[in-house]
Amino acid sequence: MASKINKEAQAVRKGCSEKLGVINMSVWTFLLGFAAAFYFGWKFSLILLGGLPFIACVGVGWGVSMESGTTAQMKAYAQSAGYAEQAL
């Protein structure tokens with residue numbers, strides 16, 4: 001139980017510190033990139049904008065697969081921690 005709480009607390013800490021900055025930077029890079037593209041070449045940008053739904057679907061699929069993998073990994077860690085506590 002203590003091992004599971006410790007692992008979850010570390011995951012929350014990592015998610016709030018490092019990944020929040022990366023997400024912020026990625027969103028602003030994406031938005032400013034689109035703004036620059038529309039300013040310098042709006043015709044080509046409109047063509048590329050047609051592929052945006054496909055990119056979004058791939059991103060959602062990737063996120064779902066990562067979430068299921070992380071859930072399975074946390075279950076395995078919790079189970080192994082229980083075995084370690086029993087052995088001690």
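Since the structure is predicted, the reported quantities are computational estimates derived from the model, not experimental observations.

So, how was this worked out
Residues numbered from 1 in each chain as written. Predicted model: local features only at pLDDT ≥ 70, side-chain atom pairs only at ≥ 80, totals over all residues. Heavy atoms only, no water. Helix = DSSP H or I, 4+ residues; strand = E, 2+ residues; numbered from the N terminus. Rg over C-alpha atoms; globule rule 2.2 N^0.38 Å. Buried < 20%, exposed > 50% of the residue type's maximum accessible area, 1.4 Å probe, protein only. Areas by Shrake-Rupley, 256 points an atom, 1.4 Å probe, with all protein chains shown as cover. Patch = residues over 30% accessible without salt bridge, like charges linked within 9 Å, V, L, I, M, F, W, Y side chains within 5 Å. Salt bridge = Lys/Arg side-chain N within 4 Å of Asp/Glu carboxyl O. Lys, Arg positive; Asp, Glu negative; His and termini not counted. Charge placed at Lys NZ, Arg CZ, Asp CG, Glu CD. Phe/Tyr/Trp six-rings, centres within 6.5 Å; stacked < 30°, edge-to-face > 60°.

A. Focus on the overall build of the chain. Assigned secondary structure in the chain consists of 3 helices and 0 strands. Ordered by position in the sequence, the α and β elements of the chain form the string α-α-α. A compact globule built from 88 residues would reach a C-alpha radius of gyration of about 12 Å, whereas the chain, at 20 Å, exceeds it by more than 25%. Expressed as a percentage of the 88 residues in the chain, the buried residues total 2%. Taken as a whole, the chain presents about 7,500 Å² of accessible surface, with 72% of it coming from carbon and sulfur.

B. Spatial organisation of a positive patch on the surface. Taken together, K7, R13, K14 and K19 make up a surface patch of like positive charges. Assignment of secondary structure puts K7 in helix α1 (residues 2-40).

C. View of the packing of aromatic side chains. Inspection of every chain in the model, using the stated rule, returns 3 aromatic pairs. Both rings, one in F30 and one in F34, keep their centres 4.8 Å apart while their planes meet at 65°; by these two values the pair is edge-to-face. One end of the pair, F30, and the other, F34, are both in helix α1, 4 residues apart, so they sit about a helical turn from each other. We classify F30 as partly exposed; its relative accessible area is 43%. Considering the side-chain rings of Y39 and F40, the 5.0 Å spacing of their centres and the 80° angle between planes classify their relative orientation as edge-to-face. Overall, F40 belongs to the exposed group, its relative accessible area being 70%. Clustering of aromatic rings is evident, with ring pairs tying together F30, F34 and F38.

D. Structural detail: the environment of E8. With respect to the helices, strands and loops of the structure, E8 is situated in helix α1. Residue E8 is classed as partly exposed on the basis of its relative accessible area, which comes to 37%. Counting along the chain gives 66 residues from E8 to M74, while the straight-line C-alpha distance between them is 8.4 Å.

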